[in-house]
Amino acid sequence: MERIVEQTLLYDFYGELLNEHQRSIYEDAFFNDLSLSEIADEYGISRQGVHDLIKRVTKTLEGYESKLHLIDKFLDTKEKVSEIDKLVDSYIESKDMNDIHKIKELSNEILEDF
């Protein structure tokens, strides 16, 4: 399951950088759950051709992430925002100013990352 989530994130962030043919085959394989044979029949190529293309596209998407780190930044920011949300709830309940200082610190970290 984790691999599917990883592939989805890679595609969400970098899929537009692929050409139409690559996107179509990748979407059929990962999102439409078509077999290699079904994809091969649809596009008039061999199963091995489909397999190779999917491997190349996956490697390409992973290469984009290794250079740009957009997914890593997104997940880090999401984690910080979640922590801020918990701190806000804590502050509402306790009125502890330390929560506000932690919120300020986390928000500054998020801003510095961009």
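Quick notes on the rules
Residues numbered from 1 in each chain as written. Predicted model: local features only at pLDDT ≥ 70, side-chain atom pairs only at ≥ 80, totals over all residues. Heavy atoms only, no water. Helix = DSSP H or I, 4+ residues; strand = E, 2+ residues; numbered from the N terminus. Buried < 20%, exposed > 50% of the residue type's maximum accessible area, 1.4 Å probe, protein only. Core = buried A, V, L, I, M, F, W, Y, C linked by side-chain atoms within 4.5 Å. Contact = heavy atoms within 4.5 Å. Expected span 1.5 Å × (residues − 1). Patch = residues over 30% accessible without salt bridge, like charges linked within 9 Å, V, L, I, M, F, W, Y side chains within 5 Å. Areas by Shrake-Rupley, 256 points an atom, 1.4 Å probe, with all protein chains shown as cover. Salt bridge = Lys/Arg side-chain N within 4 Å of Asp/Glu carboxyl O.

**Q** Would you mind going over the overall build of the protein chain with me for this structure?
**A** From N to C terminus, the protein chain includes six helices and zero strands. When the helices and strands of the protein chain are listed from N to C terminus, the series reads α-α-α-α-α-α. In terms of overall dimensions, the protein chain has a C-alpha envelope of 65 × 25 × 20 Å along the principal axes. Residues classed as buried in the protein chain amount to 28% of the 114 residues present.

**Q** For this particular structure, what's the right way to read the nonpolar core?
**A** What tends to happen in soluble globular proteins is that the nonpolar side chains get buried as a cluster. Ile-25, Val-50, Val-57 and Leu-61 are the most contacted members of the largest nonpolar core, which has 16 residues in total. If you list the elements that add at least two residues to this core, you get α1 (2-14), α2 (20-30), α3 (36-43) and α4 (47-68). Of the residues forming this core, the biggest block, five residues, is contributed by α4. Ignoring any residue separated from it by four or fewer positions in sequence, one finds Leu-61 in contact with Leu-10, Tyr-11, Tyr-14, Gly-15, Leu-18 and Tyr-26.

**Q** I tried to follow α4 on my own but got confused; where do I start?
**A** Note: α-helices contain 3.6 residues per turn, so residues at a spacing of three or four share the same orientation. Between the first and last C-alpha of α4 there are 32 Å, a value that for 22 residues agrees with the 32 Å anticipated at 1.5 Å per step. When we look at burial in α4, the residues that qualify are Val-50, Leu-53, Ile-54, Val-57, Thr-58, Leu-61, Gly-63 and Glu-65. Looking at the packing, one finds that the buried side of α4 touches α1, α2, α3 and α5 (70-94). At the C-terminal side of α4, His-69 shows a positive phi close to 60 degrees.

**Q** Even after reading the chapter, I still don't get a nonpolar patch on the surface, so can you show me in this structure?
**A** A surface patch of nonpolar side chains, about 400 Å² in accessible area, is lined by Phe-13, Leu-68, Leu-70, Phe-74 and Leu-75. The element contributing the most residues to the nonpolar patch is α5, with three residues. Counting through the fold element by element, Leu-68 comes out in helix α4.

Any functional reading would require information that these geometric values do not contain.
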